[in-house]
Amino acid sequence: MASDRAATLRAARARRRRRDAARSLAMVKFTIDELRKQMDHNKNIRNMSVIAHVDHGKSTLTDSLVAAAGIIAQENAGDARLTDTRQDEQDRCITIKSTGISLFYTMSDEDLARLPKNVPRDGNNYLINLIDSPGHVDFSSEVTAALRITDGALVVVDCVEGVCVQTETVLRQALGERIKPVMTVNKLDRCFLELMLDGEEAYQNFCRVIENANVIMATYTDEALGDVQVAPEKGTVCFSAGLHNWAFTLTVFAKMYAAKFGIDQDAMMGKLWGDNFFDPKERKWTKKNTGSKTCMRAFVQFCYEPIRRVIDAAMNDNKDKLWPMLEKLQVKDRLKPADLDLMGKPLMKRIMQTWLPADVALLEMIIYHLPSPATAQKYRADTLYEGPLDDVYANAIRECDANGPLMLYVSKMIPTADKGRFLAFGRVFSGTVQTGQKVRIMGPNYVPGDKKDLYIKSIQRTVLCMGRRQDAIDNVPCGNTVAMVGLDQFIQKNATITGEKDVDAHTIKAMKFSVSPVVRVAVECKNSQDLPKLVEGLKRLSKSDPMVQCQIEETGEHIVAGAGELHLEICLKDLQEDFMGGAEIRISDPVVSFRETVNGTSDHICMSKSPNKHNRLYFQAVAMDEGLAEAIDNGEVTPRDDPKTRGRFLADKYGWDKDLGAKKIWCFGPDTTGPNLIVDMCKGVQYLNEIKDSCVAAFQWATKEGVLAEENMRGIKFEIHDVVLHTDAIHRGGGQIIPTCRRVLYASALTAEPRLLEPVYLVEIQAPEQALGGIYSTVTQKRGMVIEETQRPGTPIYNIKAYLPVMESFGFTGTLRAATSGQAFPQCVFDHWDMLNSDPLNPDSQSGKLVKDIRKRKGSKENVPPLNEYEDKL
């Protein structure tokens, strides 16, 4: 027995030794202390995010940069996807949360020899804080959070699919935050292995992709940024194959050929792109194709063809041809002996990684063309800081001054390994943040000089984000990203942090998101003892995601609202597994909120008596003029307007009587700003103004919970025609008037052809021509309507815009993909409200069924109460 146990122990020890040896091989090439030293040289820091459309290869490309810093082994790069930290990200192969990682590189002098003159540099070590962001439209709030704390962006575009909807959205967000883009055309291996494009086709394809991206950049550009357009000959475009871990910019080839042609490197770079042709037989450069067989475009001849020859030889195991080529390229000496025996794809991958390593090309582009914090904060300070742009804080941000007052923006909360605690992740814009320092935490609603949304607390620890793990660090100077422990109770989603003494500091501007939460589900526990867990879980959930909204309805339901189906699914999974410790929850079908309106005018003037039979109110409901509800929503007509201007606006645009619009509108509702009105049409009635307050209160109540299904009303104008009141004030108090007024409002709404309004999405679909049939049939089957279709120039891809009712949108993506065999990509955004034409008072109509369902869900009686409950006879 004992000998067996000793043997097992020995084996375990040997295993552990082997594992440690393997670990030390893939040793990180830098220590935390080196990183910390480097943080002080803000000219040599680059903060960047990787942004792109979904599945264009962001995380895979990030891996090659991580591998170059020695955090993962070069062999695993491309498959490890180190920045996809969560299990479900690895399973679904999509990025859900943006993840930060800090990388440290030492560059040689020859690498930095061609650094542009206007880029300041401070030694040869560089620190790159990189954030990998998701590409899904549902998670675009994560992209906004990532962009806020970086200065540069690497835009990844698939060379086959080209610039897509989401590429445009993220580029627009980036340029709105004044972030400088560089671009990489990814998935080049598809050109060689799948599409077998010849050189000229490939060149035209790349040209089109780069041009499309430049058009978007030119559209949304900001004067302060200067020219942001990218071009391969400037070195701001890189060509990469993330999965196989190789990439090149034109500099790599220019270096190779400059000596051969005896011209300098910059001139050679200009020759390698655009309309430059070379004829090796004549040894002549020309600006257009001479038509002779040997005359070829320089990019094709000197960059594309050599790569293609190497790849073909490797894939076909043609080693007699391959080794001489590699010796010429001086690659063969760099291969390990074991690599020479590989065959097919692994051999190709190995050779390409050795010849054109991805990190060299990407790093050159990042270091040469993306700004350091010292440069970027000069032009970003104006868009970041809320307060006066000449105070101490704005100047410290502009100068990126490590000794100035602390200004730090927390853009998102990261859940940690121990459940329910969060790290506050953000960027230091000026000053230095330290462990144990006492700070002022100012939420988004903070107003200087006020106590609202302000906490003064100390930071327990400052840590660095390294992908899956965090490393403690004493202090972090400005220009760097940082995560802080111990602030999660005081920050809801984002906040500005300043030093304890800086009482007059303003906040840093809140972020603008490009999507809004319209899909809602109700959540309840299966087991009623778990209710406290659920409430606590919802609080944590709303912290963990910049976009999601959690609220409690009057009916006691817990509502979670998200940007779309996928977003909600991920949020609810997090809620159940991470924030509630696996307690079971019941999730209702997605709920869509409706609005109630009227389609005509009340067929007679409705009257209600007060409970003591001494007061009578006469009202009528009228449908609001077309476009007026939208004008109220957009803030063109508000209760705070000057009455005269409002009267003129309503008279000119909607043909109202001038006096009505100016003096006779009592109030707007619900919530005093909504798109419903009470208008006073009486002539010379006694005591009318004394009951005004009671009527307004009743009106707010009635418009918040309409008569059909207790949903908000919208687009109804209630007219007061006559009021008969008791002479004695005591008999016409609030208790008598409010219920009466609410009843008469309901009665007049019921007699004016009541209708339901449903919300409608605007869907953008991208698809190739052969998928159009499937799209049209799916959209019409879901009660949708196609409003425009445009073809993208130079591609077989169409852009289709359609209206789709929100309640039909659940499962729409799945159905659409099934109908078009996965070729169509839909993206939905809320657009407007649309009237359902059937009569909700008829229980067999579509609206009638909806009303019944909503009432059942809210726990009121199933049928709409009859008119005589609300209306009285004389």
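Here the structure is a predicted model, which is why all the values come from computation and not from measurement. Every chain's residues receive numbers from 1 upward, in the order its sequence appears when written. Reporting in this predicted model follows two pLDDT cut-offs: at least 70 for local features of residues, and 80 or more for side-chain atom pairs to be given and counted; totals over whole chains, interfaces and linings ignore these cut-offs and use all residues. Water and hydrogen atoms were dropped before computing side-chain values, which therefore reflect all heavy atoms in the structure.

Student: What's the story with the pattern of salt bridges in this structure? I'm lost.
Tutor: One side chain can pair with another of opposite charge once the charged atoms of both are near each other. Whenever Lys or Arg places a side-chain nitrogen within 4 Å of a carboxyl oxygen from Asp or Glu, that contact is recorded as a salt bridge. Summed over all chains, the structure comprises 31 salt bridges. Across the pair glutamate 142 and lysine 412 runs a salt bridge, and its minimum N-O distance is 3.0 Å. Within this pair, whereas glutamate 142 is found in helix H5 (residues 140-148), its partner lysine 412 is found in strand S11 (residues 407-415), the two being separated by 270 residues in sequence. For glutamate 142, a relative accessible area of 0% puts it in the buried group. Secondary structure follows DSSP: runs of H or I at least 4 residues long count as helices, runs of E at least 2 residues long count as strands, and numbering of each begins at the N terminus. Accessibility here uses a 1.4 Å probe with only protein chains present; expressed as a share of the type maximum, an area under 20% marks a residue as buried, one over 50% as exposed, and anything in between as partly exposed.

Student: Where do I start with the sheet that holds strand S8 (residues 277-279) in this structure?
Tutor: Remark on secondary structure: sheet strands pair via backbone hydrogen bonds, oriented parallel or antiparallel. At least two DSSP bridges between two strands are needed for those strands to be called paired. Pairing is antiparallel in the open sheet, where 3 strands are placed in the order S9-S8-S10. Unpaired on one side and paired on the other, strand S9 (284-286) and strand S10 (296-297) mark the two borders of the sheet.

Student: Please explain the pairing of strand S20 (residues 495-499) as it appears in this structure.
Tutor: Of all the 5 residues making up S20, 5 are buried; the element is thus mostly covered by neighbouring parts of the structure. Across 4 bridges, the pairing between S11 and S20 is antiparallel. Residue pairing for S20: valine 410 is matched across the bridge by alanine 495. As defined by bridge partners, strand S14 (residues 438-442) adjoins S20 across 4 bridges and the pair is classed as antiparallel. Counterpart to arginine 440 in the pairing with S20 is threonine 498.

Student: When you look at the packing of aromatic side chains in this model, what are you seeing that I'm missing?
Tutor: Each aromatic ring pair is described using two quantities: the centre-to-centre distance and the angle formed by the ring planes. Pairing of aromatic rings covers Phe, Tyr and Trp, the last through its six-membered ring, and needs centres within 6.5 Å; plane angles under 30 degrees mean stacked, over 60 mean edge-to-face, and all others mean tilted. Going through the model one piece at a time under the given rule, you end up with 20 aromatic pairs. On the numbers, 4.8 Å between centres and 50° between planes, the contact of tyrosine 257 with phenylalanine 302 is tilted. Taken together, the residues span a long stretch of sequence, with tyrosine 257 in helix H9 (residues 250-261) and phenylalanine 302 in helix H11 (residues 298-315) at a distance of 45 residues. We classify phenylalanine 302 as buried; its relative accessible area is 4%. Of the aromatic side chains, those joined through ring pairs into one cluster are Tyr203, Phe206, Phe239, Phe248, Phe253, Tyr257, Trp273, Phe278, Trp285, Phe299, Phe302 and Trp355. Criterion for a charge above a ring: Arg CZ or Lys NZ at most 6 Å from the ring centre, at most 35 degrees from the ring normal. In this structure, lysine 271 packs its charged tip against the face of tryptophan 285, placed 5.1 Å from the ring centre. Of note, arginine 732 hangs over the ring of tyrosine 687, and the distance from its end group to the ring centre comes to 4.0 Å.

So yeah, pure geometry; function would need other evidence.
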